[in-house]
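Here's the letter readout for the chains.
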Amino acid sequence: PGVATMGTQMASHEASLVMSVFERLPVGVLVVDGDLRIVEFNKTWSDYIERFAESPASWVEVGRRLDESGPTLAGICQRVIAGLDEVCAEGMELITKGGPTYWDVTCRPLGDRESDSFRVLLTVVDASERVAARGLAREREAQFRRIFETTPDAIIIAEPMTGRVVDANAEACVMHGY
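Criteria and thresholds
- Residues numbered from 1 in each chain as written.
- Predicted model: local features only at pLDDT ≥ 70, side-chain atom pairs only at ≥ 80, totals over all residues.
- Heavy atoms only, no water.
- Core = buried A, V, L, I, M, F, W, Y, C linked by side-chain atoms within 4.5 Å.
- Buried < 20%, exposed > 50% of the residue type's maximum accessible area, 1.4 Å probe, protein only.
- Helix = DSSP H or I, 4+ residues; strand = E, 2+ residues; numbered from the N terminus.
- Contact = heavy atoms within 4.5 Å.
- Pairing = 2+ DSSP bridges.
- Axes fitted to C-alpha atoms, helices over the stretch in contact; angles between N-to-C directions.

Enquirer: Let's hear about the nonpolar core: which residues, and what values?
Expert: Leu 66, Val 105 and Leu 122 are the most contacted members of the largest nonpolar core, which has 26 residues in total. Elements supplying a minimum of two residues to this core: β1 (28–33), α2 (43–52), α3 (71–81), β3 (87–96), β4 (99–110) and β5 (119–126). The element best represented in this core is α3, accounting for five residues. Apart from the residues within four sequence positions on either side, Val 105 is in contact with Leu 73, Ile 76, Val 87, Cys 88, Ala 89, Met 92, Leu 122, Thr 123 and Val 124.

Here it is, written out as structure tokens:
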């Protein structure tokens, strides 16, 4: 397992270094074969499963099928097995035991699809905080837009360096004769 699974021939000390990085990545990494059987995963992947998955963490073991955990991630891997070079999903919603969470998911082929050593690399990063921050920013922007458009005061928004007017509300347009 490990580095050899990924098709890389390295000296022992280099392989040890790569495996050390693999285990400590703050990214969940899973490798499956062409039949969706789990070949390898890192600690971050198993930690994510432990914290978030509806399925018990015991399903994450070498040899188990990824589709036993549910259709979402297996479906992404199947698209790569079928011929896509890469499948990416940014901020993909997954319903977990604590409610909805959001993930950046990337799936790529490893090796020749016709070979027995063909693998699929799946990486996941918890994007829940970023997605929540973007949602909050959209809410705040909508709130300020409502104030901007409904206030009886004239408001002009200009670029600070050039003074170019970027936006003006209705009152500013009336005040300046536009």
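Enquirer: Summarise the environment of Thr 72; cite the residues concerned and give the values.
Expert: Tracing the chain through its elements places Thr 72 in helix α3. Judged by its relative accessible area of 38%, Thr 72 falls in the partly exposed class. Measuring from C-alpha to C-alpha, the distance between Thr 72 and Leu 94 comes to 8.2 Å, with 22 residues separating the pair along the chain. The residues touching Thr 72, leaving out its near neighbours within four places in the chain, are Met 92 and Leu 94.

Enquirer: Describe the sheet that holds β1, listing the residues and the values that go with them.
Expert: Taken in spatial order, the five strands line up as β2-β1-β5-β4-β3 in an open sheet, and their pairing is antiparallel. Of all the strands in the sheet, just β2 (38–41) and β3 have a single pairing partner and so form its edges. Direction aside, neighbouring strands of the sheet carry axes that sit 25° apart on average. Here β1 pairs with β5 via six bridges, running antiparallel. Considered in β5, the bridge of Leu 30 is made with Leu 122. Relative to β5, α2 is tilted by about 55°, and along the sheet it contacts β1, β2, β3, β4 and β5.

Purely geometric stuff here, so don't read any function into it on its own.
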